[in-house]
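Inside the fold
Read off the chains here:
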Amino acid sequence: SAVISQKPSRDICQRGTSLTIQCQVDSQVTMMFWYRQQPGQSLTLIATANQGSEATYESGFVIDKFPISRPNLTFSTLTVSNMSPEDSSIYLCSVEDRRSPQSFFGQGTRLTVV
Amino acid sequence: SQQGEEDPQALSIQEGENATMNCSYKTSINNLQWYRQNSGRGLVHLILIRSNEREKHSGRLRVTLDTSKKSSSLLITASRAADTASYFCATAYSSASKIIFGSGTRLSIRP
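This write-up is about the structure you can find in this document.

Conventions and cut-offs
- Residues numbered from 1 in each chain as written.
- Chains lettered and ligands numbered in written order.
- Predicted model: local features only at pLDDT ≥ 70, side-chain atom pairs only at ≥ 80, totals over all residues.
- Heavy atoms only, no water.
- Helix = DSSP H or I, 4+ residues; strand = E, 2+ residues; numbered from the N terminus.
- Rg over C-alpha atoms; globule rule 2.2 N^0.38 Å.
- Buried < 20%, exposed > 50% of the residue type's maximum accessible area, 1.4 Å probe, protein only.
- Contact = heavy atoms within 4.5 Å.
- Areas by Shrake-Rupley, 256 points an atom, 1.4 Å probe, with all protein chains shown as cover.
- Lys, Arg positive; Asp, Glu negative; His and termini not counted.
- Charge placed at Lys NZ, Arg CZ, Asp CG, Glu CD.
- Pairing = 2+ DSSP bridges.
- Axes fitted to C-alpha atoms, helices over the stretch in contact; angles between N-to-C directions.
- Buried area = accessible area lost by both parts, 1.4 Å probe.
- Salt bridge = Lys/Arg side-chain N within 4 Å of Asp/Glu carboxyl O.
- Polar contact = N/O pair within 3.5 Å; in protein donor to acceptor, adjacent residues only side chain to side chain.
- Nonpolar A, V, L, I, M, F, W, Y, C, P; charged D, E, K, R; others polar.
- Disulfide = S-S within 2.5 Å.

Observations regarding the overall build of chain B
Summing up its helical and strand segments, chain B has zero helices and eleven strands in all. Counting from the amino terminus, helix and strand elements in chain B follow one another as β-β-β-β-β-β-β-β-β-β-β. On C-alpha atoms alone, chain B measures out to a radius of gyration of 13 Å, which is about the 13 Å that the 2.2 N^0.38 rule sets for 111 residues. With the principal axes as the frame, chain B shows a C-alpha extent of 40 × 25 × 20 Å. Across the 111 residues in chain B, those meeting the buried criterion constitute 46%. Summarising the internal contacts of chain B: among those between residues at least 6 apart in sequence, 55% fall at separations of at least 24. Of the roughly 5000 Å² of accessible surface on chain B, 45% is carried by carbon and sulfur atoms. Taking the average place of the 14 positive charges on the side chains of chain B and the average place of its 9 negative ones, the gap between the two points comes to 5 Å.

Below, the structure written as structure tokens:
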């Protein structure tokens, strides 16, 4: 199974600033996914990040707000830009492992915007 | 957008009782997965059932899948205090694709 390290685990940020979240996987994976979980809610997919191509964003999410990098097969970053209190959520990265049909998740980044 | 809905939204039962959670989804799937989340942090994968399977067991967990009704259920038998968590179903359209989460069930086990 894939092991995912996500940083930071939590942060408190000022509105108007940006935060970059890192996701490191211990094996090469083709697809990485970024999710947002607002307080008391389920997980909502933000985008799919494939190495060597632009990320694919879900409805309601745009690249200017959530730019994503995927420089290689083991690493990705999600930036939450120009933050407002409404961006306070848990952000999770996930990977699919071709050795297993299940998905694997990082421990999440708990973001609070003040 | 979320693929599925779960019910109940919240469930409180006595320790030792069985807990059943249901998940409905909208379109054809390749597989359906159940996850547990404690205290709003990382997700723990519980069980995966493929679209050609009807029932799977793992320890105290039993999952059923009815593709004709586009629904699944998760049964936790002999519940324990440690089972208190949020439970989510998640569906995949293909074997190597994004998964979309249901709305979740908050399960509380009373001692």
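Topic: the sheet that holds strand β6 (residues 55-58) of chain B
Residue and element names in this part refer to chain B. One open sheet accounts for five strands, arranged β1-β3-β8-β7-β6; its pairing is antiparallel. Two strands lie at the open edges of the sheet, namely β1 (5-7) and β6, each paired on one side alone. Sheet twist, expressed as the average angle between the axes of neighbouring strands with direction ignored, equals 15°. Bridge analysis of strand β7 (residues 61-66) against strand β8 (residues 71-76) gives six bridges, and the strand direction is antiparallel. Bridge pairing links Asp 66 to Ser 71 in β8.

Examining the interface of chain A and chain B
Taken together, the contacts link 25 residues of chain A with 21 residues of chain B. Three residues, Ser 42, Pro 101 and Phe 105 of chain A, lead the burial of chain A against chain B; their summed loss comes to 26% of the area buried on that side. Glu 58 of chain A is the partner of Lys 98 of chain B in a salt bridge, and the nearest nitrogen-oxygen pair spans 2.9 Å. On the surface where chain A and chain B come into contact, there are six residue pairs in polar contact (both at pLDDT 80 or more). Those elements that provide at least two residues to the side of chain A that touches chain B are β4 (31-37), β5 (43-50), β9 (89-97) and β10 (100-105) of chain A. Looking at the side of chain A that touches chain B residue by residue, the classes come out as nine nonpolar, eleven polar and five charged.

Things to note about the state of the cysteines
Summed over the entire model, instances satisfying the criterion amount to two disulfides over all chains. Through a disulfide, Cys 23 of chain A is tied to Cys 93 of chain A; the S-S separation comes to 2.0 Å. As the torsion about the S-S bond is roughly 70°, the Cys 23 of chain A-Cys 93 of chain A disulfide counts as right-handed. Here Cys 23 of chain A, found in strand β3 (residues 19-25), pairs with Cys 93 of chain A, found in strand β9; they are 70 residues apart in sequence, far enough to count as distant. The class of Cys 93 of chain A is buried, set by a relative accessible area of 0%. Bridging Cys 23 of chain B to Cys 89 of chain B, the disulfide has an S-S length of 2.0 Å. Taking the sign of the torsion about the S-S bond as the criterion, the disulfide between Cys 23 of chain B and Cys 89 of chain B, at about 70°, is right-handed.

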